[in-house]
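Fold and geometry: a report
Next come the chains, spelled out residue by residue.
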Amino acid sequence: MAPLAIRACTATSAVGPGREALAQALRDGRSGLRRNDFGDQAASAGRLDCWIGRVDGLESVELPTSLMPWDSRNNRLAWLALGQDGMREAIEAAIARHGAERVAVIVGTSTSSIGSTETAYTALEDGEFADEFARPHVHTPHSLGEFVQQATGISGPCITVATACSSSAKVFAQAARMIAAGLADAALVGGVDTLCGSVLFGFNSLQLVASEPCRPFDAARNGLSLGEAGGFALLERATDGDTGLQLRGYGESSDAHHMSSPHPEGLGARLAMRDALARAGIDAAEVGYLNLHGTATPANDSIEAAAVASLFPDALHASSTKGWTGHTLGAAGIVESTVALIALERGELPGMLGSFTPDPACGPQIRFASQRADIRYAMNNSFGFGGNNCSLVFGRA
Amino acid sequence: MSISQAPGLTAHVAGIGFWTRGLPSWAAAREYALNGTQPTDAPARPSPQLLPANERRRAPETVAIALEVAMAACESAAREPASLPSVFASTHGELAITDYMCATLAADPRTLSPTKFHNSVHNAAAGYWTIGTGAMQPANAISAYTASFAQGLIEALMQLRDDADAVLLVAYDGQAFGPLARMAPSEGLLGGALVLSREGAGPRLHARLVPASTQPPANAPLSRFASANAMAPMLPLFDVLARGEGTAILPAGAAHDLLVEVTP
């Protein structure tokens, strides 16, 4: 594929707002996970005994009056993330270069603003939403896309991608197609997901939540830690003389196996990774860092490790950073792409946090310790419910 | 580049699937659009053969209708479903499950059903489709409010332009439930599917973004028939497809409509 320039990139998660906070936490081995302290609605049933990656300060974020119709925890996190790392300035510059209608918004989420819908259901009046919750554009999946469009002044095609935990990786692929087809000259991609009852009690009902902080790829791993995060990247056609980070390839596939369990041989994961490498026009041996999906569930990690071992040489440094952020679901794609871009830009390859005992089922690519190395290409894997897979390849101009 | 110079996207419409209460197939919908006649024995619910009998009745309605119209489109295009990448567009997803999740969380969160939870993802229909057909091709699932269908069509056409030989587009919305119904209104059950191909038989479709304009309410037969469903914005195209040629203007977002021309 024709490379796309990444003019700006940011991620806000439990380790703090913006890319520097993320890089610093990765370097220091400081986790953003804390004992579950989320939500009033859980109080009656007792909070789940687990650890979460919660973003501080969302409760006190104040949106401008014009954006109040879209007020929700999820859209507040979108607002917070848009304010980091020069993202607003980069968006304004893209609008100035191309015109607002030639910039697209393509953002991913799994639950969008459903936390607000849940809250509305706890305070019904005569079986109806109370006035303060009766804001129709919040209670639908496109709440996120519409909010980002309103918050940025972008007026080109605006889409919310909702393929569960691959959502904000797939946005890069869709944006690449849209720019290649000439329907837009730039695209703001990204994703936001926030903690809510649906995901905490939902993943708990599937018995996939660990009671301790998650331990990706550890032999004794026993489940995931849920987190919330938001992030964005601004993509444009690369031009001659560009320097900086680029999207070089994407690969998408389906497991065709099960709604909530990965394909036992990781076939879908392999297809997505292979396709991403092919689009980038590189060999697997040229990849220096791979950010794994690595949820820390027993099934995911050994299957993903086997898929990685089937494609990559032993020298690959691959890790899951969910020990820092938790599994941020629909935001995992953008957060972990940002981690891959940090590795590419600074040569700081993260290891894993909370993981100590290697699983003999996992190959030598799976690294617990961080490493410094100059690399040419970095990858990110994001896999979701429904067997929905996406891999991305990043490089430098 | 200004909007008017924006390039168009093209495809052949190789196969069509359609289902709504009262018009349970594309043949029935076409007959109604052209002659105003309706079948007398239309079933109340789609019965997608892709699902095992015991799952067919339990499946969420939006999953059932998505699989029904997707399979019908593949059959009419004579395409192997597993060979096609797919794009699923829905405004609200399965509102009955959203209502269930929110009501259960408010009452007794620890009793949440794991099956309902994994069926609550917006890509549930895409998941069941790829599992049922064995399709390892990419599947996308999007929402864009009233622009959901137009943006789904654009994404399918872009995949075709990129490297796919044929693509499946599936669009659907279901019945709103509970207190959420006034926030996310949608009546009945409506689904449409298109198999779009680069080459081969079928009417030619050409789509391009044009500046948004104020359109009078769509007045053709199918557009009137299911006007209260959240996926109704797709119906002007199906009215045109029933006639075999013509132009449909579909809402595509804040600044754009999608102008879709169909020629035999």
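Look up: the structure comes first, before these words.
Below or above, wherever it landed, is the structure these notes cover.

Quick notes on the rules
- Residues numbered from 1 in each chain as written.
- Chains lettered and ligands numbered in written order.
- Predicted model: local features only at pLDDT ≥ 70, side-chain atom pairs only at ≥ 80, totals over all residues.
- Helix = DSSP H or I, 4+ residues; strand = E, 2+ residues; numbered from the N terminus.
- Rg over C-alpha atoms; globule rule 2.2 N^0.38 Å.
- Buried ≥ 20, exposed ≤ 12 C-beta atoms within 10 Å, placed from the backbone.
- Contact = placed C-beta atoms within 7 Å.
- Pairing = 2+ DSSP bridges.
- Axes fitted to C-alpha atoms, helices over the stretch in contact; angles between N-to-C directions.
- Parallel < 35°, antiparallel > 145°, perpendicular 65-115°, else oblique.
- Left-handed = near helix turned anticlockwise from the far one by under 90°.
- Nonpolar A, V, L, I, M, F, W, Y, C, P; charged D, E, K, R; others polar.
- Core = buried A, V, L, I, M, F, W, Y, C linked by C-beta atoms within 7 Å.

Bringing the overall build of chain A into the picture now. Helix and strand content of chain A: 11 helices and 15 strands. Expected size for 397 residues packed as a compact globule is a radius of gyration near 21 Å; at 20 Å, chain A falls within 12% of this value. Each principal axis of the C-alpha distribution contributes one length, and for chain A these read about 60 × 50 × 40 Å. Looking at chain A residue by residue over its 397 residues, the buried ones come to 66%. In chain A, the proportion of contacts linking residues at least 24 apart, taken out of those at least 6 apart, comes to 80%.

Looking now at the overall build of chain B. Counting secondary structure elements, chain B contains nine helices and eight strands. Over its C-alpha trace chain B gives a radius of gyration of 18 Å, about what one expects of a compact globule, namely 18 Å for 264 residues. Viewed in the frame of its principal axes, chain B has a C-alpha envelope of about 55 × 45 × 40 Å. Counting all 264 residues of chain B, 59% fall into the buried class. Sequence-distant contacts, at least 24 apart, represent 69% of the contacts inside chain B between residues at least 6 apart.

A regular strand carries its side chains on alternate faces of the sheet. All names here are of chain B. In this sheet, strand β8 (residues 256-263) lies alongside strand β6 (residues 204-211) in antiparallel orientation, the contact comprising eight bridges. Bridging across to β8, leucine 209 finds its partner in leucine 258. In terms of strand pairing, strand β7 (residues 246-251) meets β8 through six bridges, oriented antiparallel. Bridge assignment links threonine 247 to a residue of β8, and that residue is glutamate 261.

The subject of this paragraph is the sheet that holds strand β7 (residues 226-227) of chain A. All names here are of chain A. Taken in spatial order, the three strands of this open sheet run β2-β3-β7, and their pairing is mixed. Where the open sheet ends on each side, the last strands, each with one partner, are β2 (33-35) and β7. Two strands pair when backbone bridges link them, and strand β3 (residues 51-53) and β7 are joined in this way by two bridges, in the parallel orientation. The partner of isoleucine 52 across the bridge, within β7, is leucine 226.

Let us now look at the packing of helix α2 (residues 73-82) of chain A against helix α5 (residues 143-152) of chain A. A packed helix pair is summarised by two numbers, namely the angle formed by the two axes and the spacing between the axes. All names here are of chain A. For the pair α2 and α5, the least separation of the axes is 10 Å and the interaxial angle reads 40°. When the interaxial angle is binned, α2 and α5 end up oblique. α5 is crossed by α2, and the crossing has right-handed handedness. Only Ser143, Leu144, Phe147, Val148, Ala151 and Thr152 of α5 make contact with α2, whose side of the interface consists of Asn74, Asn75, Ala78, Trp79 and Leu82. Here the residues of the contact of α2 with α5 sort into seven nonpolar, four polar and no charged.

This paragraph deals with the packing of helix α6 (residues 167-180) of chain A against helix α7 (residues 148-162) of chain B. Interhelical geometry of α6 of chain A versus α7 of chain B gives an angle of 75° and a closest axis separation of 9 Å. When the interaxial angle is binned, α6 of chain A and α7 of chain B end up roughly perpendicular. Residues Gln174, Arg177, Met178 and Ala180 of chain A of α6 of chain A form the contact with α7 of chain B, whose participating residues are Glu155, Met158, Gln159 and Asp162 of chain B. Partitioned by chemical class, the residues of the contact of α6 of chain A with α7 of chain B number three nonpolar, two polar and three charged.

If you look at the interface, chain A gives 63 residues, while chain B gives 61 residues. Going through the elements one at a time, α4 (114-122), α5, β5 (158-161), α6, α7 (197-205), β9 (245-254) and α8 (267-280) of chain A are the ones with two or more residues in the side of chain A that touches chain B. Taken together, the residues that form the side of chain A that touches chain B break down as 25 nonpolar, 29 polar and nine charged.

Bringing the nonpolar core into the picture now. Burial of nonpolar side chains together is a common tendency in soluble globular proteins. With 229 residues, the main nonpolar core has Ala187 of chain A together with Leu196 of chain B as its most contacted residues. When neighbours within four sequence positions are excluded, alanine 187 of chain A is seen to be in contact with Val103, Ala104, Ile106, Ala175, Met178, Ile179 and Leu235 of chain A.

Within α7 of chain A, nine of the nine residues are buried, which leaves it mostly tucked inside the rest of the structure. Where α7 of chain A is buried, its residues meet α4 and β7 of chain A together with α4 (95-107) and α5 (114-119) of chain B. Among the residues trailing α7 of chain A, glutamine 207 of chain A stands out with phi positive, at a value near 55°.

Another aspect to go through is the pairing of β9 of chain A. Residues and elements named next belong to chain A. Of all 10 residues making up β9, 10 are buried, and the element is well covered by its neighbours. Bridge count for strand β1 (residues 4-12) against β9 is two bridges, and the pairing is antiparallel. Residue pairing for β9: leucine 4 is matched across the bridge by leucine 247. Pairing between β9 and strand β15 (residues 388-396): nine bridges, direction antiparallel. Paired with tyrosine 250 across the strands is leucine 392, a residue of β15.

Turning our attention to the environment of glutamate 146 of chain A. As for its placement among the helices and strands, glutamate 146 of chain A is situated in helix α5. Sequence separation between glutamate 146 of chain A and tryptophan 70 of chain A is 76 residues, and the spatial gap between their C-alpha atoms is 8.4 Å. In contact with glutamate 146 of chain A, other than residues within four places in its own chain, are Trp70, His137 and Cys158 of chain A together with Tyr145 of chain B.

With respect to burial, α4 of chain A is a largely interior element, eight of its nine residues being buried. Its buried side turned inward, α4 of chain A meets α2 and α7 of chain A together with α4 of chain B.

What follows deals with the environment of tryptophan 19 of chain B. All names here are of chain B. Among the secondary structure elements, tryptophan 19 is positioned in strand β1 (residues 9-20). Given 28 C-beta atoms within a 10 Å radius, tryptophan 19 is considered buried. Taking the C-alpha atoms as reference points, tryptophan 19 and isoleucine 65, 46 residues apart in sequence, are found 7.0 Å from one another. Among residues more than four places away in sequence, those in contact with tryptophan 19 are Pro24, Ser25, Pro46, Ile65, Glu68, Val69 and Gly191.

Moving on: unusual backbone geometry. In this model, serine 112 of chain A sits at a positive phi of 45°, which is unusual for a non-glycine residue. The exposure class of serine 112 of chain A is buried, given the 34 C-beta atoms found within 10 Å. Even without glycine at this site, alanine 78 of chain B takes up a positive phi of about 55°. Relative to the helices and strands, alanine 78 of chain B resides in the loop between α3 (61-77) and β2 (86-89). Using a count of 11 C-beta atoms within 10 Å as the deciding quantity, one classes alanine 78 of chain B as exposed.

Geometric descriptors of this kind do not, in isolation, establish any biological role.
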